[in-house]
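Read off the chains here:
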Amino acid sequence: MIRLKDATRAKLMVIHGFTMVALGLGLFYIRAAMTSVFYYVIGCAFAFLLVAASLLFIAVLDWICAAGLGSRQIYKVRGLLILSTAAASASIFLILYPGSTIRMLCYMIAVYAALLSIGKFRLAAYWTGTRREQKVMYGLAGVAIVFAGLLIAAAGRDEREALAVVAAYSIFMGLQMLLSLYYLQQQTLREIGPTQASV
């Protein structure tokens, strides 16, 4: 079985976060380029490809990070693994399905955002760090719920507006991933500190 060091797993999660930020910036660029009917069609196609490639890459990263955790730890993150795999599969389906639209993409990501926010609320509820960090985690989960609503609302609007909401959510997701990882590292350092002092 593959065994990953904690440092390697953390680096992969950082890549995960920056991938989502890059996806959001890429979608904003595509949106800016959609200035005519021709570029609308090309832009939508590139948007689908970019989202599918990013979600597939993230799903692979999630499974690699889970490698070597052991059955008990993998059981704890099974929901995240299933969700990321399902999101990647759904995005690939949207590419292959001839009738795919930005509206369908918005609905898919809205479901993804809503389910992820449930996991964030659970993470915040069991957070063992500082109260301030816990409040931030609750805030991030709440913002994710708001984005889910915005994505549903944007599904019925112009493609450029809908794509802007998808891009904004992607950047938010990447940044909150990096912030969560930072908080987890700080929590680990606080736990190690007293242990080393007592040795």
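Scroll up for the structure.
## Considerations on the overall build of the chain
Then, in step 1: When you go through the chain residue by residue, the secondary structure sums to seven helices and zero strands.
Then, in step 2: Traced from its N-terminal end to its C-terminal end, the chain shows the element sequence α-α-α-α-α-α-α.
Then, in step 3: Per-residue burial for the chain yields a buried fraction of 41% across its 199 residues.
Then, in step 4: Here the contacts in the chain between residues at least 6 apart in sequence split such that 76% fall between residues at least 24 apart.

## Describing the side chain of threonine 19
Then, in step 1: Counting through the fold element by element, threonine 19 comes out in helix α1 (residues 6-33).
Then, in step 2: Here threonine 19 is in contact with Ser54, Phe57 and Ile58, once residues within four sequence places are set aside.

## As for the side chain of serine 180
Then, in step 1: Here serine 180 shows up in helix α7 (residues 159-198).
Then, in step 2: What serine 180 contacts, discounting residues up to four positions off in sequence, is Lys120, Met137 and Leu140.

## Re a nonpolar patch on the surface
Then, in step 1: Taken together, Phe38, Tyr39, Ile42, Phe46, Leu49, Leu56, Val60, Ile64, Ile92, Ile95 and Leu96 make up a surface patch of nonpolar side chains, about 1,000 Å² in accessible area.
Then, in step 2: Within the residue set of the nonpolar patch, elements represented by two or more residues are α2 (37-66) and α4 (78-96).
Then, in step 3: For the nonpolar patch, the element with the highest residue contribution is α2, accounting for eight residues.
Then, in step 4: Along the chain, phenylalanine 38 turns up in helix α2.
Then, in step 5: Here phenylalanine 38 falls in the exposed class, since its relative accessible area comes to 56%.

## Brief notes about the pattern of salt bridges
Then, in step 1: Inspection of the entire model under this criterion finds one salt bridge.
Then, in step 2: In this structure, arginine 157 engages glutamate 161 in a salt bridge whose closest nitrogen and oxygen atoms are separated by 2.6 Å.

## Let's talk about the environment of valine 165
Then, in step 1: Take valine 165: it is sitting in helix α7.
Then, in step 2: Residues valine 165 and isoleucine 152 lie 13 residues apart in sequence; the distance between their C-alpha atoms is 9.9 Å.
Then, in step 3: The residues touching valine 165, leaving out its near neighbours within four places in the chain, are Phe147, Leu150, Leu151 and Ala154.

Rules and cut-offs
- Residues numbered from 1 in each chain as written.
- Predicted model: local features only at pLDDT ≥ 70, side-chain atom pairs only at ≥ 80, totals over all residues.
- Heavy atoms only, no water.
- Helix = DSSP H or I, 4+ residues; strand = E, 2+ residues; numbered from the N terminus.
- Buried < 20%, exposed > 50% of the residue type's maximum accessible area, 1.4 Å probe, protein only.
- Contact = heavy atoms within 4.5 Å.
- Patch = residues over 30% accessible without salt bridge, like charges linked within 9 Å, V, L, I, M, F, W, Y side chains within 5 Å.
- Areas by Shrake-Rupley, 256 points an atom, 1.4 Å probe, with all protein chains shown as cover.
- Salt bridge = Lys/Arg side-chain N within 4 Å of Asp/Glu carboxyl O.

By themselves, these observations are geometric and do not establish any function.
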